[in-house]
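Coordinates in review
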Amino acid sequence: MSVAQSMETKLTRALKPVRLVIEDDSARHAGHAGHPGAGHKGGESHFNLDIVSAVFAGQSRVARQRIVYQILQDELAGPVHALSLKTATPEEAGL
Amino acid sequence: MSETATFDRIKDEIATNPVVLYMKGTPVFPQCGFSAGVVQVLSRLGVKFKGIDVLADPSIRQGIKEFAQWPTIPQLYVKGEFVGGADIVREMYMNGELATLLRDKGIEIKE
């Protein structure tokens, strides 16, 4: 299973999102400092996530991102080097 | 270095300096687009801040993630309080919340 697929499975299970967009943005970051570099088998290191879920209601921005980081802790400890997160409730997203 | 010693160093930095950015690279030469983005926001607001290069110190690089329970760099602290990472800082800058927060905390910004 790809990293994106495993993230999708975990986020879907935990957040029941009404919108979940996972975009692999690895190519744009290839080769910069701190990047896994040569030992890393290309791609799947930088992702943009757009998540709309009722779970975020009443939570601060920091708390929302911590929820997502918690769900994806294995990925963040492993192949995923950076996540860019957009979080919203269905009301905020107008859904 | 022990975890406690690392945490003490972090606590000391964020208590001594009103605005601290844990980042990859330095404010003049950021080594990562996310860190560069936060530096740019702070510069536009005319905020004086201390940049701490986590790439220069592996114990801080790991320690700051555990300290904030936040797995990514950059991390912005204002008056000892964790504000957020790159996404949050950008969003708060765009909607004016960051300027309000800084002003409320007594930090000088460019009007």
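A few points about the interface of chain B and chain A
Each side of the interface is counted separately: chain B has 21 residues, and chain A has 16 residues. Interface area, chain B with chain A, both sides summed: about 1,400 Å², of which 58% is carbon and sulfur. Of all residues in chain B, Phe 34, Trp 70 and Asp 87 of chain B bury the most surface against chain A, accounting for 34% of the area lost on that side. Where chain B touches chain A, the interface holds two salt bridges. For Arg 61 of chain A, the salt bridge identified is with Glu 91 of chain B, shortest N-O distance 3.1 Å. Summed over the shared surface of chain B and chain A, the result is seven residue pairs in polar contact (both at pLDDT 80 or more). Looking at the side of chain B that touches chain A, the elements with two or more residues in it are helix H3 (58-68), strand E4 (81-84) and helix H4 (86-94) of chain B. It is H4 of chain B that contributes the most residues to the side of chain B that touches chain A, five residues altogether. Grouping the constituent residues of the side of chain B that touches chain A by class yields ten nonpolar, five polar and six charged.

Observations regarding helix H1 (residues 3-15) of chain A
Residue and element names in this part refer to chain A. For H1, with 13 residues, the first-to-last C-alpha span of 18 Å sits near the 18 Å given by 1.5 Å per residue. Within H1 the residues assigned to the buried category are Val 3, Ser 6, Met 7, Leu 11 and Leu 15. Axial view of H1: buried residues confined to an arc of 130 degrees, hence all on one face. Lys 16 sits one or two positions beyond H1 and adopts a positive phi of about 40 degrees.

Topic: the environment of Glu 111 of chain B
Along the chain, the position of Glu 111 of chain B falls in the segment after helix H5 (97-104). The spacing of Glu 111 of chain B and Ser 35 of chain B is 76 residues in sequence and 23 Å in space, taken between C-alpha atoms.

Considering the nonpolar core
Formed by 54 residues in total, the largest nonpolar core has its most connected members in Leu 49, Val 68 and Leu 83 of chain A together with Tyr 22, Leu 76 and Leu 102 of chain B. Filtering out sequence-adjacent residues up to four positions away, Leu 83 of chain A remains in contact with Met 7, Phe 47, Leu 49, Tyr 69, Leu 72 and Leu 76 of chain A together with Asp 87 of chain B.

Some remarks on the environment of Ser 60 of chain A
Along the chain, the position of Ser 60 of chain A falls in the loop between strand E2 (46-52) and helix H2 (61-71). Of note is the side chain of Ser 60 of chain A, whose polar atom sits 3.1 Å from the backbone nitrogen of Ala 63 of chain A.

Re the sheet that holds strand E3 (residues 75-78) of chain B
All names here are of chain B. A sheet is described by the order of its strands in space; here four strands give the open sequence E2-E1-E3-E4, paired in mixed fashion. Two strands bound the open sheet, and with one partner strand each, they are strand E2 (50-53) and E4. Pairs of neighbouring strands in the sheet enclose a mean axial angle of 25 degrees, with direction left out of account. By the bridge criterion, three bridges tie E3 to E4 in an arrangement that is antiparallel. Looking at the pairing, Val 78 lines up with Glu 81 of E4.

Looking at the pattern of salt bridges
This model, assessed by the stated rule, comprises ten salt bridges over all chains. A salt bridge links Glu 97 of chain B to Arg 61 of chain A; the nearest nitrogen and oxygen atoms lie 2.9 Å apart. Taken together, the residues Glu 97 of chain B in helix H5 and Arg 61 of chain A in helix H2 connect one chain to another. Judged by its relative accessible area of 33%, Glu 97 of chain B is partly exposed. Judged by relative accessible area, which is 22%, Arg 61 of chain A ranks as partly exposed. Across the salt bridge formed by Asp 57 of chain B and Arg 9 of chain B, the nearest N and O atoms sit 2.9 Å from each other. With a gap of 48 residues between them, Asp 57 of chain B in the loop between E2 and H3 and Arg 9 of chain B in helix H1 (residues 3-16) connect regions that are remote in the sequence. Of the residues examined, Arg 9 of chain B reaches a relative accessible area of 35% and is grouped as partly exposed.

Calculation rules
- Residues numbered from 1 in each chain as written.
- Chains lettered and ligands numbered in written order.
- Predicted model: local features only at pLDDT ≥ 70, side-chain atom pairs only at ≥ 80, totals over all residues.
- Heavy atoms only, no water.
- Contact = heavy atoms within 4.5 Å.
- Buried area = accessible area lost by both parts, 1.4 Å probe.
- Salt bridge = Lys/Arg side-chain N within 4 Å of Asp/Glu carboxyl O.
- Polar contact = N/O pair within 3.5 Å; in protein donor to acceptor, adjacent residues only side chain to side chain.
- Helix = DSSP H or I, 4+ residues; strand = E, 2+ residues; numbered from the N terminus.
- Nonpolar A, V, L, I, M, F, W, Y, C, P; charged D, E, K, R; others polar.
- Expected span 1.5 Å × (residues − 1).
- Buried < 20%, exposed > 50% of the residue type's maximum accessible area, 1.4 Å probe, protein only.
- Arc of directions from axis to C-beta.
- Core = buried A, V, L, I, M, F, W, Y, C linked by side-chain atoms within 4.5 Å.
- Pairing = 2+ DSSP bridges.
- Axes fitted to C-alpha atoms, helices over the stretch in contact; angles between N-to-C directions.

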